[in-house]
Amino acid sequence: MTTTAIEAEGLVKIFGDNRAVDGVDLEVATGSVYGVLGPNGAGKTTTIRMLATLLRPDAGRASVFGHDVAREPFVVRQLIGVTGQYASVDETLSATENLMLFCRLNGLKGAAASRRTRDLLEEFHLVDAAARPLRNFSGGMRRRLDLAASLIAQPPLLFLDEPTTGLDPRTRAQMWETIRRLVATGSTVLLTTQYLDEADQLADRIAVIDRGRVVAEGTADELKSSVGQQSLQLTLAHAAQLPSALDAVLDVLGVAATPSPEARRLTVPVADPARVTDLLVRLRGAGVDLDGLSMDKPTLDEVFLTLTGHATTDAASPELEEIPA
Amino acid sequence: MTTLTTARTTPGERIVPGAERTLRNRVTLGQAVSDTLAMARRGLIKIRRTPEQLIDVTVQPIIFTLMFTYIFGGAISGSVAAYLPVIIPGILVQTVITTSAVTGTQLREDMDKGVFDRFRSLPIARIAPLAGALVADTVRYLIATTLTIGMGLLMGWRPGGGVGGVLLAALLVVVCAWSLSWIFAFLGVIARNAGSVQGISFLVLFPLTFLSNAFVPVDTMPGWLQGFVDTNPVSHLVTAVRDLAGTGTVSGQVGVALLSCGAVVAVFAPLAVRSYMKKA
Ligand SMILES: Nc1ncnc2c1ncn2[C@@H]1O[C@H](COP(=O)(O)OP(=O)(O)O)[C@@H](O)[C@H]1O
Ligand SMILES: [Mg+2]
C-alpha cells in the first residue's frame, strides 16, 4: 500500500529533435496539492499528458497510486480526472448534455446521471446557463464546466493544467476557492501554472520546470527564500530625509535598506509584510514625507533568472546550449 | 466500495482514496456497448445542432437521381421508365457510400477538438468514441436512402419486390455503408487534416462507384474493364439491391455483399481503433 499519489522517474518525451520533457522526476504525496511551475513551452502539458495516459513516455516510468501509467492505463484512468489547458468539453453540446454524456461514460445510468449532473451544475454555478450552447460561455464558465466534468467519478487524483490562465482576477479567486474545497474532500491535485503567486497560494510543494527539466523543487517558502523575498520601494519627498528613513528601517525591520542612485528611493527587503505597517507609522512619527511606495514580489522572471541563469523568454529562442542527455 | 459506484456519492463527500478502490483491468462487453451508445447519443445531438452538415445527404440524392435519370435514361434503357429499375439501386448505393466517406472527414475534425482528450482519459472502451460516431452516422445513411427511394417512387419507379423487398434493400445499403465507413474512419484517424481525408476518400470512391454496374450495363464495356467491374464489390451490392427491390429475392449477391462488409469491418475496425489510440 502506497501513500504516494504520483511517482515519476526520468520521464522523457521527444517531439522530433525537441526534448519537450527531458528527465522529469516527481513525487506527489496523497492529499496534497502539487504545483508545477514554468513558463510557456517548459513541458508542463506534455508531462501531465504522460501522467494521464494520453501520451506514451519515450523513456522513464511513472505510476499513479502504484499503478504504472504505461502498463495499466485502464486502471490509472479510473483514478484520475483531467482538466486540460484547453477546454475538454464538447462545444456543440449544452452544459447539461456534456455532463450527462460524461456521467454515462462514467457508468452512471438514468436517474443517477441526472442527479449527479444537477448537483454539479449547482455546485459550479452553472444552473442558469445549463441549457445554453457552450459557444456563448465565458472563459470562466467553460473552465468550471470542464472541472465539473472531471469530478463526476470523484477521482482521488486530479490534474489541472493551467486552471486559471486567461481568467480575470475575480474568476481566478473563485477557481482557487474551488480547488481548496476539492483538496478538503481528500483529493490529490497536480496543477500547472505560469504564476508564482498561484503556486504559492495553492500548492504544498512546487516543482519549477524549465526546458523539460525540474530545476528546483520544494515548498513555496523554500523556493522563495532561494530566490529572495518581496521588497518595498519607498520614494521620499525630500532627499535630505534619507538618513532618518534608513534609521527607521534598521530600527523596525532590522535590515539595511538600499538607497538607489538618485538617493530619493529606498529598496527594503521585506520578510514579513505585516511589519510594513509598523515601518510606515514610524516614518510618519519621524517626520519623513513619502512621495510613493510599492511592494514588489519576486516575479516568475526573477525566479527563473535566479534558478536557471536565463530569462523565461529564452525558452522560445533556439536552444543552442542544449546538452543532449 | 467497488469501481465506479463511488461516482454515486454526492459532491463534497469525502473522496475514497485510490488505494481503497476496487479497480478493473479491462472493459466488459456490456460496458463497451453502453459506452458506444452514449457516444452515439452525442453524435445524434451534434447532427441535430448542425443541420447544415446534412446538406450532402439531402441535396445529393435529389439532384443525382433527377440528373442521371433524365440524362442517361433514354440513351441507356430507351426510356426514363425503363431506366428507373436500373438507376435507382445504382444511385442509392453510390450516394450512401459517398455519404459514408463524409464520416471520416467529420471524425478527423472532431478528433482535433479538446473533448477527445477527455474521452481518451476516461476508463471507457477504446472503441466507443469511434463506434459511437459511426453508429450515429447511420442516421445520415437512412436520410440519404429514404430520399433516393422517395425520389425514385415520385419519378415513377415501381419496384417489383414490394415494400418488403425495398425495405430489405434499404437495410442492406445502410449496413454496407456503415461497414465501409470504418475504412474512412481509419483514413480519418491517420490523416493529417480533414482536407486530406476528403481528397483520399474521393480518390478511392470515384473509381469504385463509377467502374461498376451502378449506372450502365456491363456488357457495353470493353472486356478488360468488365473484369474489374465484375469483381468490384460495389457491383455485387448494386446487383443485390436490384434483386431485393426489383424481385424481392434474396440472391447469392446479398451474401457476397454481406461477407465483403464483414471482412471490411474485421480488417478496418481494429486498424482504426489501434491508430486512434496511438495518436498523441
Ligand atoms: N504534439 C506535439 N508535437 C510537437 N511538439 C510539441 C507537441 N506538444 C508540445 N510540443 C512542444 O513541446 C514543448 C513543451 O510543450 P508543452 O508541454 O505544451 O509546454 P507547456 O505546457 O509548459 O507550455 C514545446 O516546445 C512545444 O512546442
Ligand atoms: Mg501547457
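What you see is a predicted model, and the numbers here were worked out from it, not measured in a lab. Along each chain, residue indices are assigned from 1 in the same order as the chain's sequence is written. Here the convention is simple: chains get letters from A, ligands get numbers from 1, in the order in which they are written. This being a predicted model, a pLDDT of at least 70 is required before a residue's local features are given, and a value of 80 or more before pairs of side-chain atoms are given or counted; all residues contribute to the totals for chains, interfaces and linings. Only hydrogens and water are removed before side-chain values are computed, so all heavy atoms of the structure are retained for them.

**Concerning the interface of chain A and chain B**
Contacts were defined at the residue level, with two residues in contact if any of their heavy atoms lie within 4.5 Å. Across the contact, 50 residues belong to chain A and 46 residues belong to chain B. Here chain A and chain B share an interface that buries about 4,200 Å² over both sides, 58% of which is from carbon and sulfur atoms. Here the quantity called buried area is the total loss of accessible area, with a 1.4 Å probe, experienced by two parts when brought into contact, counted for both. The largest contributions to the chain A side of the interface with chain B come from Phe74, Leu105 and Gln154 of chain A, which together make up 18% of the buried area. A pairing counts as a salt bridge when a side-chain nitrogen of Lys or Arg comes within 4 Å of a carboxyl oxygen of Asp or Glu. Where chain A meets chain B, there are four salt bridges. Polar contacts here mean pairs of N or O atoms no more than 3.5 Å apart (in protein, one a potential hydrogen donor and the other a potential acceptor; neighbouring residues in sequence count only if both atoms are side-chain atoms). In this assembly, chain A and chain B are joined by 10 residue pairs in polar contact (both at pLDDT 80 or more).

**Side note on the site of ligand 1**
Residues and elements named next belong to chain A. If even one non-hydrogen atom of a residue comes within 4 Å of a molecule or strand, that residue is called near it. All residues in the neighbourhood of ligand 1 are listed as Phe15, Asn18, Ala20, Pro39, Asn40, Gly41, Ala42, Gly43, Lys44, Thr45 and Thr46. Take Asn18: an N or O atom from its side chain is 3.1 Å from an oxygen atom of ligand 1. A distance of 2.7 Å separates an oxygen atom of ligand 1 from a polar backbone atom of Gly41. Relative to its free-state accessible area of 560 Å², ligand 1 is covered by the protein chains to the extent of 61%. Among the secondary structure elements, those contributing two or more residues to the shell around ligand 1 are β2 (18-29) and α1 (44-51). Secondary structure is summarised from DSSP: a helix means a run of H or I of at least four residues, a strand means a run of E of at least two, and numbering begins at the N terminus for each. Ranked by the residues each element gives to the shell around ligand 1, the list is headed by α1, at three residues. By the convention adopted, Pro, Cys, Tyr, Trp, Phe, Met, Ile, Leu, Val and Ala count as nonpolar, Lys, Arg, Asp and Glu as charged, and the other residues, Gly among them, as polar. For the shell around ligand 1, a count of residues per class yields four nonpolar, six polar and one charged. Note on areas: Shrake-Rupley with a 1.4 Å probe; residue coverage comes only from the protein chains shown.

**Remarks on helix α5 (residues 128-154) of chain B**
Each full turn of the α-helix corresponds to 3.6 residues, which orients residues three or four apart in the same direction. Over its 27 residues, α5 of chain B runs 39 Å from end to end, which matches the ideal 39 Å to within 8%, given 1.5 Å per residue. Looking one or two places after α5 of chain B, you find Gly156 of chain B, whose phi comes out positive at around 110°. Each residue after the first adds 1.5 Å to the expected span of a helix.

**What about the pattern of salt bridges?**
Tallied over the full model, the rule gives 23 salt bridges over all chains. Put simply, Arg19 of chain A and Asp22 of chain A hold a salt bridge, and the shortest N to O gap is 2.8 Å. Classification of Asp22 of chain A as buried rests on a relative accessible area of 5%. Arg120 of chain B serves as the salt-bridge partner of Asp117 of chain B, at 3.4 Å between the closest nitrogen and oxygen. The buried label applies to any residue whose accessible area, calculated with a 1.4 Å probe on protein chains only, is under 20% of its type's maximum; exposed applies above 50%, and partly exposed to all values in between.

**Some details on the packing of aromatic side chains**
Residues and elements named next belong to chain B. Centre distance within 6.5 Å is the pairing criterion for rings of Phe, Tyr and Trp, where only the six-membered ring of Trp is used; planes under 30 degrees apart are then read as stacked, over 60 as edge-to-face, and the remainder as tilted. Inspection of the entire model under this criterion finds 11 aromatic pairs over all chains. Consider the rings of Phe68 and Phe72, whose centres lie 5.5 Å apart with planes at 65°: the pair is edge-to-face. Within this pair, Phe68 and its partner Phe72 are both found in helix α2 (residues 55-77), separated by four residues, close to a single helical turn. Owing to a relative accessible area of 33%, Phe72 belongs among the partly exposed residues under this scheme. Between Trp178 and Trp182, the aromatic rings sit 6.0 Å apart at their centres with planes inclined by 90°, giving edge-to-face as the arrangement. Separated by four residues within a single helix, Trp178 and Trp182 lie in helix α6 (residues 162-190), roughly one turn from each other. Judged by its relative accessible area of 25%, Trp178 is partly exposed.

**A few points about the domain arrangement of chain A**
Looking at the assigned domains, one finds that chain A contains domain 1 (4-79 + 155-225) and domain 2 (230-297). Centre-to-centre separation of domain 1 of chain A and domain 2 of chain A, based on C-alpha positions: 39 Å. Domain ranges listed in this record stem from an automatic or a database domain assignment.

**Focus on the side chain of Thr164 of chain A**
Residues and elements named next belong to chain A. Its location among the elements puts Thr164 in the loop between β7 (157-161) and α6 (169-184). When its relative accessible area of 0% is taken as the criterion, Thr164 is described as buried. Side chain to side chain, Thr164 and Arg172 meet in a polar contact 3.5 Å long. Polar contacts involving the side chain of Thr164 include one to the side chain of Glu198, which spans 2.3 Å. Among all residues touching Thr164, those that are not within four sequence positions of it are Arg143, Arg172, Met175, Trp176, Tyr195 and Glu198.

**Regarding the pairing of strand β13 (residues 265-270) of chain A**
A regular strand carries its side chains on alternate faces of the sheet. Residue and element names in this part refer to chain A. Residues Leu266, Val268 and Val270 line the buried face of β13, whereas the alternating positions Arg265, Thr267 and Pro269 sit on a face that is not buried. In this structure, strand β12 (residues 258-259) lies alongside β13, joined through two bridges in antiparallel fashion. Across the sheet, residue Pro259 finds its bridge partner in β13, namely Leu266. Whether two strands pair depends on DSSP finding at least two bridges between them.

**Some points on the packing of α6 of chain B against helix α9 (residues 233-247) of chain B**
All names here are of chain B. In this analysis an axis means a line fitted to C-alpha atoms, helices contributing only their contacting stretch, and an angle means the value between N-to-C directions, from 0 to 180 degrees. At a minimum axis separation of 7 Å, α6 and α9 run at an interaxial angle of 160°. What the angle tells us is that α6 and α9 run roughly antiparallel. Once α6 is placed against α9, the crossing between them reads as right-handed. Contacts between α6 and α9 pair Gly162, Gly165, Val166, Leu168, Ala169, Leu172, Val173 and Cys176 from the former with Leu237, Ala240, Val241, Leu244 and Ala245 from the latter. In terms of residue class, the contact of α6 with α9 is made up of 11 nonpolar, two polar and no charged. Oblique is the label for every angle not falling under 35 degrees (roughly parallel), over 145 degrees (roughly antiparallel), or within 65 to 115 degrees (roughly perpendicular). Handedness of a helix crossing follows the sense of rotation of the near helix relative to the far helix, less than a right angle counterclockwise being left-handed and clockwise being right-handed.

**Some points on the coordination of the magnesium ion (ligand 2)**
Donor criterion used throughout: N, O or S atom within 2.8 Å of the metal, extended to 3.2 Å for Na, K and Ca. Water excluded; incomplete-looking sites may result. Looking at the magnesium ion (ligand 2), the protein donor atoms are Thr45 of chain A (OG1) and Gln85 of chain A (OE1), and they sit 1.9 to 2.1 Å from it. With a gap of 40 residues between them, Thr45 of chain A in helix α1 and Gln85 of chain A in the loop between β6 (80-83) and α3 (95-105) connect regions that are remote in the sequence.

**Concerning the nonpolar core**
Only buried residues count toward a nonpolar core, which is a set of Ala, Val, Leu, Ile, Met, Phe, Trp, Tyr and Cys residues joined through side-chain atoms within 4.5 Å. If you look at the biggest cluster of nonpolar residues, it comprises 71 residues, and the most contacted ones within it are Phe102 and Leu105 of chain A together with Phe119 and Trp182 of chain B. Of the residues forming this core, the biggest block, seven residues, is contributed by α3 of chain A. For Leu105 of chain A, the residues in contact, after removing those within four places along its chain, are Asp35, Ala38, Met39, Phe119, Leu122 and Ile124 of chain B.

**Section: unusual backbone geometry**
Residues and elements named next belong to chain A. In this structure, Thr53 takes a positive phi of about 65° despite not being glycine. Relative to the helices and strands, Thr53 resides in the loop between α1 and β4 (59-64). Notably, Gln154 is not glycine yet its phi reads approximately 45°, a positive angle. Along the chain, Gln154 turns up in the loop between α5 (139-150) and β7.

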